[in-house]
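The primary structure of each chain is shown beneath.
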Amino acid sequence: MFSYQLFFDSLKAIIPADKEPKWRHAIFYRWRLSTQQKNWLLDSSSLTRRLHEKSQTGMSVEILIQHWAAPFLSESKLLKISPEEHVYVREVILKGNGKPWVFARSVIPVETYHQVVDKLDTRPLGSLLFSDPTLKRSAIEIAKIKSKRHGLPALFSEGNTKLARRSMFTFSGKPIIVSEVFLDDFWKN
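A quick note: this is a predicted structure, and the numbers were derived from the prediction, not measured. (Residues numbered from 1 in each chain as written. Predicted model: local features only at pLDDT ≥ 70, side-chain atom pairs only at ≥ 80, totals over all residues. Heavy atoms only, no water.)

(A) Broad picture of the overall build of the protein chain. Scanning the protein chain for helices and strands turns up seven helices and eight strands. In the protein chain, of all internal contacts separated by at least 6 residues, the share reaching a separation of at least 24 is 67%. Total accessible area on the protein chain is roughly 9500 Å²; 54% of this is exposed by carbon and sulfur atoms. (Helix = DSSP H or I, 4+ residues; strand = E, 2+ residues; numbered from the N terminus. Contact = heavy atoms within 4.5 Å. Areas by Shrake-Rupley, 256 points an atom, 1.4 Å probe, with all protein chains shown as cover.)

(B) Main features of the packing of aromatic side chains. Going through the model one piece at a time under the given rule, you end up with nine aromatic pairs. Centre to centre, the rings of Trp68 and Tyr88 are 5.4 Å apart; their planes meet at 70 degrees, and the pair counts as edge-to-face. Taken as a pair, Trp68 in strand E2 (residues 59-69) and Tyr88 in strand E3 (residues 87-96) lie far apart in primary sequence, 20 residues in all. Among the residues examined, Trp68 registers a relative accessible area of 39% and is labelled partly exposed. You can call Tyr88 buried: its relative accessible area is 9%. (Phe/Tyr/Trp six-rings, centres within 6.5 Å; stacked < 30°, edge-to-face > 60°. Buried < 20%, exposed > 50% of the residue type's maximum accessible area, 1.4 Å probe, protein only.)

(C) How the structure looks around the pairing of strand E4 (residues 99-108). Buried residues dominate E4, accounting for nine of its ten residues. Here E3 pairs with E4 via nine bridges, running antiparallel. Bridging across to E4, Glu91 finds its partner in Arg105. With antiparallel pairing between neighbouring strands as the criterion, E3 and E4 make up a hairpin whose turn holds two residues, including Asn97 at a positive phi of roughly 55 degrees. (Pairing = 2+ DSSP bridges.)

(D) Layout of the pattern of salt bridges. A complete count under the given rule lists nine salt bridges for this structure. As a salt-bridge pair, Glu141 and Arg166 come within 2.8 Å of each other at their nearest N and O atoms. You can see Glu141 sitting in strand E6 (residues 141-146) and its partner Arg166 sitting in strand E7 (residues 161-171), a full 25 residues away along the chain. The closest approach of N and O atoms between Asp185 and Lys188, which form a salt bridge, is 3.6 Å. On the criterion of helical spacing, the pair formed by Asp185 and Lys188 is a turn pair, its members being three residues apart in helix H7 (residues 184-188). For Asp185, a relative accessible area of 21% puts it in the partly exposed group. Here the salt bridges do not stand alone but share partners, grouping Glu75, Glu91 and Arg105 into one network. (Salt bridge = Lys/Arg side-chain N within 4 Å of Asp/Glu carboxyl O.)

(E) Region of the structure containing unusual backbone geometry. Positioned with a positive phi, Lys80 is a non-glycine residue whose angle comes to about 60 degrees. Tracing the backbone through its elements, the reader meets Lys80 in the loop between helix H4 (73-79) and E3. With a phi close to 55 degrees, Asn97 is a non-glycine residue in the positive phi region. For Asn97, the location among the structural elements is in the loop between E3 and E4.

If you want it as structure tokens, here you go:
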């Protein structure tokens, strides 16, 4: 059984750089992915919209945490900010058919905060981002996330590897990093 509390507790401590996933440009994984994995990981359209289409009983968002925190080292580099500068971190589970399908982590710098957070509530970030005609998306990066190495024991069963993707969006000219980890129940449907 998936424990959100254990998962939340595991994320309270900053994950050291050697525990972060190794993000690589999607082209690195192009030949290592199945057709189904490519279809979901490499698609640059709205994941929120696609999850709604895939779910027969509807999609929902469960907010795990929303708070100010220091970004992971790779996130601070991508945003071109100091690793000590706090960002607004929003971590959610996107559920389809009542099951946890995707863990999503959004990293929102101070300069972007008021553009985004006041409009979110329990809405998926994707529905807000993809409604903006000025939206731009960086190249997609992919990582294989392993349980023990990446410090997320409650989310991953031992020895089980999850595929994740990440992009930086510019929303009304302001940056946001969105990372999405595709969970086991997602691939079962």
